[in-house]
Amino acid sequence: EKAAISLGVGLEFSWNNLRFDGSEYPSKTTTELVWLQASQEPTRNKLTLVNIGVPVLVYKTFENWRVGIGGYGDFTISSFTKLRYKDSNGENVENKTFSDFYTNRFRYGLQVEAKYKFIRLFGKYDLQTLFQSGKAKDTRIVAFGIGI
């Protein structure tokens, strides 16, 4: 028999793509994160964070659904920006820069999810700011997605 209430702990790998509108992109200086203007209008402009995390959720079972609420802790193992644009000859150019971009390497937050068979719908909210204090504008990540 399935328990009506259960505790779930796991290991999670996540890939967050933070896309930017316009032609400004982040760049790390010795003291802070600044926003530079791209010379060409980008076709792709994003900051990517690759994380490994541990979610801890309490689940309630309803028929075929499991609904969970809890928290998580994520550790960023890689981060990079990608700026893609067409040069004056119409050729695609892609610049990828690996750096920590003054992001907090450890982030934590709240998580909710609903599971039906092998499909998982989830929502996450970072309680920790994305960037280190005083290095960039206070930013928090809100993420929604589908997992399997």
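Bear in mind the structure is a predicted one, so any value in this text is a computation, not a measurement.

Peer 1: Got a minute to help me understand the side chain of Asn 16 in this structure?
Peer 2: For Asn 16, the location among the structural elements is in strand E2 (residues 12-19). Apart from the residues lying within four places of it in its own chain, the contact partners of Asn 16 are Leu 47, Thr 48, Leu 49, Asn 51 and Arg 107.

Peer 1: What exactly am I supposed to notice about the layout of surface pockets here?
Peer 2: The rolling of a water-molecule-sized probe over the atoms marks out the regions of remaining empty space. Estimated volume of the largest pocket: approximately 480 Å³. Around the largest pocket, the lining is made up of 31 residues, and of these Glu 12, Gln 111, Glu 113, Arg 120 and Phe 122 lie nearest the centre. Of all the elements in the fold, those that place two or more residues in the lining of the largest pocket are strand E1 (5-9), E2, strand E5 (44-62), strand E6 (65-86), strand E8 (106-116), strand E9 (119-126) and strand E10 (142-147). Counted by class, the lining of the largest pocket contains 16 nonpolar, 6 polar and 9 charged residues. The space that makes up the second largest pocket amounts to roughly 170 Å³. Lining the second largest pocket are 14 residues, and of these Tyr 25, Thr 81, Leu 83, Asn 95 and Thr 97 sit closest to its centre. Broken down by secondary-structure element, the contributors of at least two residues to the lining of the second largest pocket are strand E3 (24-28), E6 and strand E7 (92-98).

Peer 1: Mind showing me how you'd approach the environment of Tyr 125 here?
Peer 2: Summarising the element assignment, Tyr 125 is placed in strand E9. Non-local contacts of Tyr 125, meaning those with residues more than four positions away in its chain, are made with Tyr 72, Tyr 108, Gly 109, Leu 110, Arg 140, Ile 141 and Val 142.

Peer 1: Sorry if this is basic, but what is going on with the packing of aromatic side chains here?
Peer 2: Describing an aromatic ring pair means giving the distance of the ring centres and the angle of the ring planes. Counting across every chain of the model gives 5 aromatic pairs. Seen in terms of ring centroids, Phe 80 and Phe 98 are 5.0 Å apart; in terms of plane orientation they differ by 40°. Their pairing is tilted. Within this pair, whereas Phe 80 is found in strand E6, its partner Phe 98 is found in strand E7, the two being separated by 18 residues in sequence. Among the aromatic residues, ring-to-ring pairing joins Trp 15, Phe 80 and Phe 98 into one connected group. Above the plane of the ring of Tyr 59 lies Arg 66, whose end atom (NZ or CZ) is 4.0 Å from the centre.

Peer 1: When you look at the environment of Leu 49 in this model, what are you seeing that I'm missing?
Peer 2: Here Leu 49 is to be found in strand E5. With a relative accessible area of 0%, Leu 49 lands in the buried category. Distance in space between the C-alpha atoms of Leu 49 and Asp 100 is 9.1 Å, their sequence separation being 51 residues. Aside from chain neighbours lying at most four places away, what touches Leu 49 is Ser 14, Trp 15, Asn 16, Leu 18, Thr 76, Ser 78, Ser 79, Thr 103, Arg 107, Leu 130 and Ile 141.

Peer 1: Got a minute to help me understand the pattern of salt bridges in this structure?
Peer 2: Close approach of charged atoms allows side chains with opposite charge to pair. Applying the stated criterion across every chain yields a total of 8 salt bridges. Here Arg 84 ties to Glu 94 by a salt bridge, and the two come within 2.6 Å at their closest N and O atoms. Of the two residues, Arg 84 sits in strand E6 while Glu 94 sits in strand E7, which places them 10 residues apart along the sequence. Put simply, Lys 115 and Glu 113 hold a salt bridge, and the shortest N to O gap is 3.8 Å. Taking relative accessible area as the criterion, Lys 115 reaches 25% and is therefore assigned partly exposed. Classification of Glu 113 as buried rests on a relative accessible area of 5%. Here the residues in one salt-bridge network are Glu 12, Asp 74, Glu 113, Lys 115, Arg 120 and Lys 124, joined through shared partners.

Conventions adopted
Residues numbered from 1 in each chain as written. Predicted model: local features only at pLDDT ≥ 70, side-chain atom pairs only at ≥ 80, totals over all residues. Heavy atoms only, no water. Helix = DSSP H or I, 4+ residues; strand = E, 2+ residues; numbered from the N terminus. Contact = heavy atoms within 4.5 Å. 1 Å grid on protein atoms, 1.4 Å probe; cavity = no way out; pocket = protein on both sides within 12 Å on 5 of 7 lines; lining within 4 Å. Points joined across faces, edges and corners; volume = space filled by probe spheres on them. Nonpolar A, V, L, I, M, F, W, Y, C, P; charged D, E, K, R; others polar. Phe/Tyr/Trp six-rings, centres within 6.5 Å; stacked < 30°, edge-to-face > 60°. Lys NZ or Arg CZ within 6 Å of the ring centre and 35° of its normal. Buried < 20%, exposed > 50% of the residue type's maximum accessible area, 1.4 Å probe, protein only. Salt bridge = Lys/Arg side-chain N within 4 Å of Asp/Glu carboxyl O.

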